[in-house]
Amino acid sequence: MKTIKKIFASKEEETIQLDMENLPRHIAIIMDGNGRWAKKRGLPRTAGHKAGIEALREVIKASSELKIGFLTLYAFSTENWKRPKEEVSALMKLLVYYLQKEVKELHKNNVRIRTIGNIGQLPEEAISQIGKAVDLTKNNKGLTVNIALNYGGRDEIIRAVRNICKENIEGNICIENIDEEKFSTYLDTGDSPDPDLLIRPSGELRTSNFLLWQLAYAEFWFSNIYWPDFNKKHLYTAIKDYQMRHRRFGGLK
Ligand code: FPP
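Just so it is clear, the structure is predicted and the values come from calculations on it, not from any experiment.

### Comments concerning the site of the ligand
Then step 1. Close contacts around the ligand come from 18 residues, with Met31, Gly35, Arg36, Arg45 and Arg83 the closest.
Then step 2. Here the ligand has 620 Å² of accessible area as a free molecule, and 91% of this is covered by the chains.
Then step 3. Under a 2 Å grid-point criterion requiring more than half of the atoms, the pocket assigned to the ligand is the largest pocket.
Then step 4. Mapped by element, the contributors of at least two residues to the shell around the ligand are helix H1 (34-40), helix H2 (45-66) and helix H3 (85-108).
Then step 5. Sort the elements by how many residues they give to the shell around the ligand and H2 lands first, with 4 residues.
Then step 6. For the shell around the ligand, the residue count by class is 9 nonpolar, 5 polar and 4 charged.

Pasting the structure below:
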């Protein structure tokens, strides 16, 4: 029998019913629209990124309470370096501030923090804070949060191919033994299952180089709201819509 749970999505007691046996195991989110959110209010773009952190906090808490296994968040792409220096620097500072401020609470809630992407190119302070957060939370068994930083799906695939070639030259792997499962283990997401659900707010309808390999069979959920306005009600609605989809993985049923 289905375990249906009534979730209270707001103070106004709007309820959303979720099937607790059909939750996505892994949710990926493109946290988009911070800049437009700020512009609409006559604020600098960085104010939008700051407000985005509030949404991030709420979504991590709600996912953790639902016992979702994995959450992968697109925070900074390989292409985001093209933004003005001041914005890049503000984003890096926000990352450091966020980790410093939140890591204890995340740890208390059994959240495991990891990153995907080539973090070696981030500022030293960011690398150091990431290292501390990853280390502190590495044995936690609750929600795994993968933060995508200097991440690009194409870059990730190229790095995986290079590593495979290197191991092949060293005689550690035979090309014949590379199949989809094996290849996946060379990606940054390593042992995470593929996302079941991709959420992209802000009205854009594309993947923007996010998890190109891993999203092969994910269900996509788009919305016009800007990321800073995204709250747990939107998360529950996305999950509810996901539960209405018929996933066939290329088969018939
Ligand atoms: C996209 O919106 C958002 C980003 C490039 C950054 C996302 C960052 C955060 C939500 C906060 C910081 C994250 C962490 C993990 C501390 P945009 O700037 O492209 O918005 P626009 O399309 O409206 O311009």
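### A few points about the layout of surface pockets
Then step 1. Volume-wise, the largest pocket comes out at about 650 Å³.
Then step 2. If you go around the largest pocket, you meet 31 residues; those closest to its centre are Met31, Asn34, Tyr74, Ala75 and Phe76.
Then step 3. Contributions of two or more residues to the lining of the largest pocket are made by H1, H2, strand E4 (70-77), H3 and strand E6 (144-151).
Then step 4. Along the lines of polarity and charge, the residues of the lining of the largest pocket split into 17 nonpolar, 8 polar and 6 charged.

### Section: helix H5 (residues 153-169)
An α-helical turn contains 3.6 residues, so a residue and the one three or four places further along point in the same direction.
Then step 1. Its 17 residues place the ends of H5 25 Å apart at the C-alpha level, agreeing with the 24 Å of an ideal helix rising 1.5 Å per residue.
Then step 2. Among all positions of H5, only Gly153, Glu156, Arg159, Ala160 and Ile164 are buried. Buried residues along H5 cover an arc of 135° about the axis, so they all sit on one side. Facing away from the buried side of H5 by more than 90 degrees, the exposed set consists of Arg154, Arg162, Lys166 and Ile169.
Then step 3. Packing partners of the buried residues in H5 comprise E6 and helix H6 (180-185).

### A word on the UniProt feature "active site" (unreviewed entry) in the chain
Then step 1. With numbering aligned to this structure, UniProt lists the feature "active site" (unreviewed entry) at Asp32 and Asn80. These annotated residues cover 49 residues of sequence, and their C-alpha atoms all fall within 12.3 Å of one another, placing them together at a single site. Annotated residues from the preceding list that form part of the lining of the largest pocket: these are Asp32 and Asn80.
Then step 2. Relative to the assigned elements, aspartate 32 resides in the loop between strand E3 (26-30) and H1.
Then step 3. Given the relative accessible area of 18%, aspartate 32 is considered buried.
Then step 4. Among the polar contacts listed, one links the side chain of aspartate 32 to the side chain of arginine 36, at a separation of 3.4 Å.
Then step 5. Along the chain, the position of asparagine 80 falls in the loop between E4 and H3.
Then step 6. When residues no more than four places from it in sequence are discounted, the contact partners of asparagine 80 are Ala75 and Val88.

### Comments concerning the nonpolar core
Then step 1. Counting 48 residues, the largest nonpolar core has Ile27, Ile29, Ile60, Ile199 and Ile239 as the members making the most contacts within it.
Then step 2. Tallying contributions element by element places H3 first for this core, with 10 residues.
Then step 3. The residues contacting isoleucine 29, other than those within four sequence positions of it, are Val59, Leu71, Thr72, Leu73, Tyr74, Ile199, Phe210 and Trp227.
Then step 4. In this structure, Ile30, Leu198, Leu211 and Ala218 belong to the second largest nonpolar core, which totals 11 residues.

### As for the environment of leucine 252
Then step 1. Relative to the elements of secondary structure, leucine 252 occurs in the segment after helix H7 (232-244).
Then step 2. Sequence spacing of leucine 252 and threonine 185 is 67 residues, and the spatial spacing of their C-alpha atoms is 28 Å.

### Notes on the sheet that holds strand E5 (residues 112-116)
Then step 1. Spatially, the 6 strands line up as an open sheet ordered E5-E6-E4-E3-E7-E8, and their pairing is parallel. One side of each edge strand has no neighbouring strand; the edge strands of this open sheet are E5 and strand E8 (219-222). Across the sheet, the axes of successive neighbouring strands diverge by a mean angle of 20°, strand direction being ignored.
Then step 2. Where E4 meets E6, 7 bridges bridge the pair, whose relative direction is parallel. Looking at E6, one finds that leucine 73 is bridged to isoleucine 147.
Then step 3. Its contacts with the sheet put helix H4 (residues 124-137) on E5 and E6, and the angle it makes with E5 is roughly 135°.

### Re unusual backbone geometry
Then step 1. Even without a glycine there, the phi angle at asparagine 110 is positive, about 70°.
Then step 2. A relative accessible area of 32% places asparagine 110 in the partly exposed class.
Then step 3. Backbone geometry at asparagine 150 places phi at a positive 45°, although glycine is not the residue there.
Then step 4. Mapped onto the fold, asparagine 150 is located in strand E6.

Definitions and cut-offs
Residues numbered from 1 in each chain as written. Predicted model: local features only at pLDDT ≥ 70, side-chain atom pairs only at ≥ 80, totals over all residues. Heavy atoms only, no water. Near = heavy atom within 4 Å. Areas by Shrake-Rupley, 256 points an atom, 1.4 Å probe, with all protein chains shown as cover. 1 Å grid on protein atoms, 1.4 Å probe; cavity = no way out; pocket = protein on both sides within 12 Å on 5 of 7 lines; lining within 4 Å. Sits in = over half its atoms within 2 Å of the grid points. Helix = DSSP H or I, 4+ residues; strand = E, 2+ residues; numbered from the N terminus. Nonpolar A, V, L, I, M, F, W, Y, C, P; charged D, E, K, R; others polar. Points joined across faces, edges and corners; volume = space filled by probe spheres on them. Expected span 1.5 Å × (residues − 1). Buried < 20%, exposed > 50% of the residue type's maximum accessible area, 1.4 Å probe, protein only. Arc of directions from axis to C-beta. Contact = heavy atoms within 4.5 Å. UniProt positions renumbered as here; feature names shortened; annotations may be inferred. Polar contact = N/O pair within 3.5 Å; in protein donor to acceptor, adjacent residues only side chain to side chain. Core = buried A, V, L, I, M, F, W, Y, C linked by side-chain atoms within 4.5 Å. Pairing = 2+ DSSP bridges. Axes fitted to C-alpha atoms, helices over the stretch in contact; angles between N-to-C directions.

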